Amino acid sequence: MKFPRDRFLIGAYFYDDTLYEDKYMKDASDMGIDFLVQTGAEKKFLDLCEKYGIGVLSTKILPRWWGSDGSNAGGYEKTMSNEVMLNAKSTYPDSSALWGDYLVDEPSSKDFDGITRVIKEYEKIFPGQFPYINLYPNYASVAQNTKEQAISQLGNATYAEHIDEYLKKVDLDYLCFDYYPFQGSNCGTFDMYLENLDIAAKACRKSGRDLWLIIQTGAWLTTQNLKEFQLRWQAFLSLAYGSTVIMHATYCKGWWTEDTSCVNSDGSKNPVYYYAKRLNADLHALGERLFRYRSTGITVHGDIENAHPRLASQLMRQKNNPDDGIISSISITADGAVLAGHFTNKDSGAPAVLIVNMKDAFDENAKVCGTVTLGEKTFDFELPSGEGNFFEF
């Protein structure tokens, strides 16, 4: 399989065909991108990706199916017959940059059986290629009780049931979902963020799968453009919950307003390009260390009561939903709210924690200070807003 699973990876959605030039691909490489998602598969593009060591999960060779509002649930398998795949086989590009194909985005559970059958055939027809699937976040619609409410994106009564059914039916060794918490002050997606991370992380620990997360890097409106600390907060939080792959949504326009993406279709860079570049450098350095560990769970510490109200309630729910596998002898104190991701070294069994500032995801000045102690070893920390710090014992 071309997709390297032995190291921490950073991906990004969308790459415009107007940017099929060396200087623009170098920009993607310089930003720290390991692979691109939902792209073309033209020879010129793949040659550029090969040159810069960037992988591709394309949507231009095989049809990508999207769950949409749920009205087409159960229809995936019809779009991906063996005939469709065999026809694509004859013209499938021969490129080390082409890691695989983006087959399904946000499917209903009604499609899980069909997805499993398609994947088995895909792996026979395209040996070594990677079948990529992304799941809904927990703010997708659930099944209701009346005919008027029958359209459901998840196909289940709860998100936990949706994830559980995915684990039972889809034979892949990873679980990927997208989540965009900063979609305007009146949008409720922020208020369900930790719950989604917790459900997915527990599912991955239980099943031995890798956790992948697509984070929000763009916005619907220029006035909603993310600050750098908010981008960093999403990334460090996903690492704390055990993510081994993080993807930016989006590098080029995608579904967001263009000038909130990293790069415009003319190649000009927006501020978030530089935010992501600095973040990616830190993530690659930290990811190299984290990859030696396995995630064991989450704890919450510090002054939860005085955290931002939209975080305080989530933190209390997380605190009241403890994980197994936590080393209780690790002591964490802080003058503001923090979340700790717990890890165990895969070889030695030694513990480690990744602590994330949870005081206020809307205030770039919300600093938190504290200490981490295990036995005679103590670390002091000072975390600016949006930051995380990894401590190995």
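Placed above this text is the structure.
Analysis parameters
Residues numbered from 1 in each chain as written. Predicted model: local features only at pLDDT ≥ 70, side-chain atom pairs only at ≥ 80, totals over all residues. Heavy atoms only, no water. Phe/Tyr/Trp six-rings, centres within 6.5 Å; stacked < 30°, edge-to-face > 60°. Helix = DSSP H or I, 4+ residues; strand = E, 2+ residues; numbered from the N terminus. Buried < 20%, exposed > 50% of the residue type's maximum accessible area, 1.4 Å probe, protein only. Pairing = 2+ DSSP bridges. Axes fitted to C-alpha atoms, helices over the stretch in contact; angles between N-to-C directions. Arc of directions from axis to C-beta. Contact = heavy atoms within 4.5 Å. Expected span 1.5 Å × (residues − 1). Parallel < 35°, antiparallel > 145°, perpendicular 65-115°, else oblique. Left-handed = near helix turned anticlockwise from the far one by under 90°. Nonpolar A, V, L, I, M, F, W, Y, C, P; charged D, E, K, R; others polar. Salt bridge = Lys/Arg side-chain N within 4 Å of Asp/Glu carboxyl O.

(A) Up close: the packing of aromatic side chains. Taken as a whole and judged by the stated rule, the model has 40 aromatic pairs. Ring plane angle 35° and centroid distance 4.6 Å describe the contact between Phe-3 and Phe-130, whose orientation is recorded as tilted. Of the two residues, Phe-3 is situated in the segment before strand S1 (9-13) and Phe-130 in strand S6 (residues 130-134); the sequence distance between them amounts to 127 residues. Given a relative accessible area of 2%, Phe-130 falls into the buried group. With centroids separated by 6.0 Å and ring planes inclined at 55°, the aromatic side chains of Trp-255 and Trp-256 adopt a geometry described as tilted.

(B) Highlighting the sheet that holds strand S15 (residues 377-383). If you walk across this open sheet you meet the three strands as S11-S14-S15, and the pairing is antiparallel. On the outer flanks of this sheet lie strand S11 (331-334) and S15, each paired with one strand and no other. If you compare each strand with its neighbour and ignore which way they point, the axes differ by 15° on average. Here four bridges tie S11 to strand S14 (residues 368-374), and the two strands are oriented antiparallel to one another. Paired with Thr-333 across the two strands is Thr-371, which belongs to S14.

(C) Spotlight on helix H2 (residues 43-52). Within H2, the full set of buried residues consists of Phe-45, Leu-46, Leu-48, Cys-49 and Tyr-52. Burial along H2 is one-sided: seen end-on, the buried residues are contained in an arc of 160°. Away from its buried face by more than 90 degrees, H2 exposes Lys-43, Lys-44 and Lys-51. Here the buried face of H2 lies against helix H1 (22-30), strand S2 (35-39), strand S3 (55-58) and strand S5 (98-105). Downstream of H2 by one or two residues, Gly-53 has phi in the positive range, about 65°.

(D) Local environment of the side chain of Asn-264. Mapped onto the elements, Asn-264 comes out in the loop between strand S9 (243-249) and helix H9 (271-290). The class of Asn-264 is buried, set by a relative accessible area of 11%. Ignoring any residue separated from it by four or fewer positions in sequence, one finds Asn-264 in contact with Leu-19, Glu-258, Asp-259 and Asn-270.

(E) Structural view of the side chain of Asn-134. Within the secondary structure, Asn-134 sits in strand S6. For Asn-134, the residues in contact, after removing those within four places along its chain, are Tyr-13, Tyr-102, Val-104, Asp-105, Glu-106, Pro-107, Cys-176, Phe-177, Asp-178 and Ile-214.

(F) Structural context of helix H8 (residues 228-240). The end-to-end C-alpha distance of H8 is 18 Å, a good match for the 18 Å that 13 residues give at a rise of 1.5 Å each. Counting buried positions over the 13 residues of H8 gives 12, a clear majority of the element. Every buried residue of H8 is listed here: Phe-229, Gln-230, Leu-231, Arg-232, Trp-233, Gln-234, Ala-235, Phe-236, Leu-237, Ser-238, Leu-239 and Ala-240. Of the residues flanking the end of H8, it is Gly-242, one or two places downstream, whose phi is positive at about 105°.

(G) Looking closely at the sheet that holds strand S13 (residues 351-357). As summarised here, the arrangement of the four strands in space is S10-S12-S13-S16, forming an open sheet in which the pairing is antiparallel. Because the sheet does not close on itself, it has two edges, and the strands there are strand S10 (293-301) and strand S16 (388-392). Across the sheet, the mean angle from the axis of one strand to that of its neighbour is 20°, orientation sign disregarded. In terms of strand pairing, S10 meets strand S12 (residues 338-345) through eight bridges, oriented antiparallel. Bridge pairing in S12 places Arg-294 opposite Thr-344. Contacts from H8 reach S10, S12, S13 and S16 within the one sheet, and its direction differs from that of S13 by about 150°. Set on the sheet, H9 makes contact with S10, S12, S13 and S16; between it and S16 the angle comes to about 30°.

(H) How the structure looks around the packing of helix H5 (residues 112-125) against helix H6 (residues 159-169). At their nearest, the axes of H5 and H6 sit 10 Å apart, and the two run at 30° to each other. With respect to their mutual orientation, H5 and H6 come out roughly parallel. Crossing angle aside, the handedness with which H5 passes H6 is right-handed. In this structure, H5 uses Phe-112, Asp-113 and Thr-116 to contact H6, whose residues at the interface are His-162, Glu-165, Tyr-166 and Lys-169. Of the residues in the contact of H5 with H6, the class split is two nonpolar, two polar and three charged.

(I) Representation of the pattern of salt bridges. All chains considered together, the criterion is met by 23 salt bridges. Linking Asp-30 and Lys-26 is a salt bridge whose minimum nitrogen-to-oxygen distance equals 2.8 Å. With a gap of four residues between them, Asp-30 and Lys-26 both fall in helix H1, about one helical turn apart. Across the pair Glu-121 and Lys-124 runs a salt bridge whose closest N-O atoms are separated by 3.5 Å. With Glu-121 and Lys-124 both in helix H5 and three residues apart, this pair spans about one turn of that helix. Note on Glu-121: relative accessible area 23%, which makes it partly exposed. By sharing partners, the salt bridges in this structure join Asp-198, Lys-202, Arg-205 and Asp-323 into a single network.

These figures come from the coordinates and say nothing about function on their own.
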